[in-house]
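Chain by chain, the residues:
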Amino acid sequence: MRQELGSRNAKLSPSDLWLVDRVSEFGPARMSELATWQSVDRSTMTAQVGKLEKLGLVQRAPDPQDRRAIVVSVTDAGRRLHEESRAAACAAFDTMLGDWTDQQRQQLSESMAHLVESLEKHLSARPQDHSTER
């Protein structure tokens, strides 16, 4: 399976992996929510999800709350890819930060958390287009 995922990775962009990670970590989401989250047009998200669906990493289904909307969820293969990607990233950071003290690592962690918080605040303050939920 590792080789199969490796060949899939060659076809995936950073945005593709980002999307698989997002749905893996936070659960199913509407296409419109994902488009807003990635700051892309809904048609761009539709194409991206279609690509990931063909690779067996995500699946689409009608939203049970509103049958007009589409919800994207991760498949078992997508979850495995997410777990392998996360493990590889952790191993890479452990190697890169191997000579850092615990205090330096803690400062980096706090700074990164603050950066993420600032980015989320900035992005949530932008106007969002919710004209349709498809």
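Residues numbered from 1 in each chain as written. Predicted model: local features only at pLDDT ≥ 70, side-chain atom pairs only at ≥ 80, totals over all residues. Heavy atoms only, no water.

**Focus on the packing of helix 2 (residues 14-26) against helix 3 (residues 31-38)**
Geometry of a packed helix pair, given as the angle between the helix axes and the separation of the axes.
Then step 1. Across the interface, helix 2 lies against helix 3 with an axial gap of 12 Å and an inter-helix angle of 125 degrees. Here helix 2 is positioned oblique relative to helix 3, judged by the angle of their axes. In this structure, the crossing between helix 2 and helix 3 has a hand that is right-handed. Contact residues: Ser 15, Trp 18, Leu 19, Arg 22 and Val 23 in helix 2; Leu 34, Trp 37 and Gln 38 in helix 3. (Axes fitted to C-alpha atoms, helices over the stretch in contact; angles between N-to-C directions. Helix = DSSP H or I, 4+ residues; strand = E, 2+ residues; numbered from the N terminus. Parallel < 35°, antiparallel > 145°, perpendicular 65-115°, else oblique. Left-handed = near helix turned anticlockwise from the far one by under 90°. Contact = heavy atoms within 4.5 Å.)

**Topic: the pattern of salt bridges**
Then step 1. Taken as a whole and assessed by the stated rule, the structure comprises seven salt bridges.
Then step 2. A salt bridge links Glu 53 to Arg 60; its shortest N-O distance comes to 2.9 Å.
Then step 3. Judged by its relative accessible area of 29%, Glu 53 is partly exposed.
Then step 4. Arg 60 gets classed as partly exposed once you look at its relative accessible area, which sits at 32%. (Salt bridge = Lys/Arg side-chain N within 4 Å of Asp/Glu carboxyl O. Buried < 20%, exposed > 50% of the residue type's maximum accessible area, 1.4 Å probe, protein only.)

**Observations concerning the side chain of His 82**
Then step 1. Examined against the element boundaries, His 82 turns out to sit in helix 5 (residues 76-96).
Then step 2. On the basis of relative accessibility, which here comes to 10%, the residue His 82 falls in the buried class.
Then step 3. Beyond its immediate chain neighbours, meaning those up to four positions away, His 82 contacts Asp 21, Ser 24 and Glu 25.

**A look at the nonpolar core**
Nonpolar side chains tend to gather and get buried jointly when the protein is soluble and globular.
Then step 1. Ranked by internal contacts, the top residues of the largest apolar core, which has 19 residues, are Leu 19, Leu 34, Met 45, Val 49, Leu 52, Leu 57 and Val 72.
Then step 2. Of the residues forming this core, the biggest block, four residues, is contributed by helix 3.
Then step 3. Contact partners of Leu 19, with chain neighbours within four places excluded, come to Leu 34, Trp 37, Gln 38, Met 45, Gln 48, Val 49 and Leu 52. (Core = buried A, V, L, I, M, F, W, Y, C linked by side-chain atoms within 4.5 Å.)

**A few points about the sheet that holds strand 3 (residues 66-74)**
Then step 1. Strand order across the open sheet formed by three strands is 1-3-2, with antiparallel pairing between neighbours. The two strands at the open ends of the sheet, each matched to only one other strand, are strand 1 (29-30) and strand 2 (58-63).
Then step 2. Judged from the six bridges that link them, strand 2 and strand 3 form a sheet pairing that is antiparallel. Along strand 3, the bridge assignment pairs Ala 61 with Val 71.
Then step 3. Set on the sheet, helix 4 (residues 42-54) makes contact with strand 2 and strand 3; between it and strand 2 the angle comes to about 125 degrees. (Pairing = 2+ DSSP bridges.)

By themselves these figures say nothing about function.
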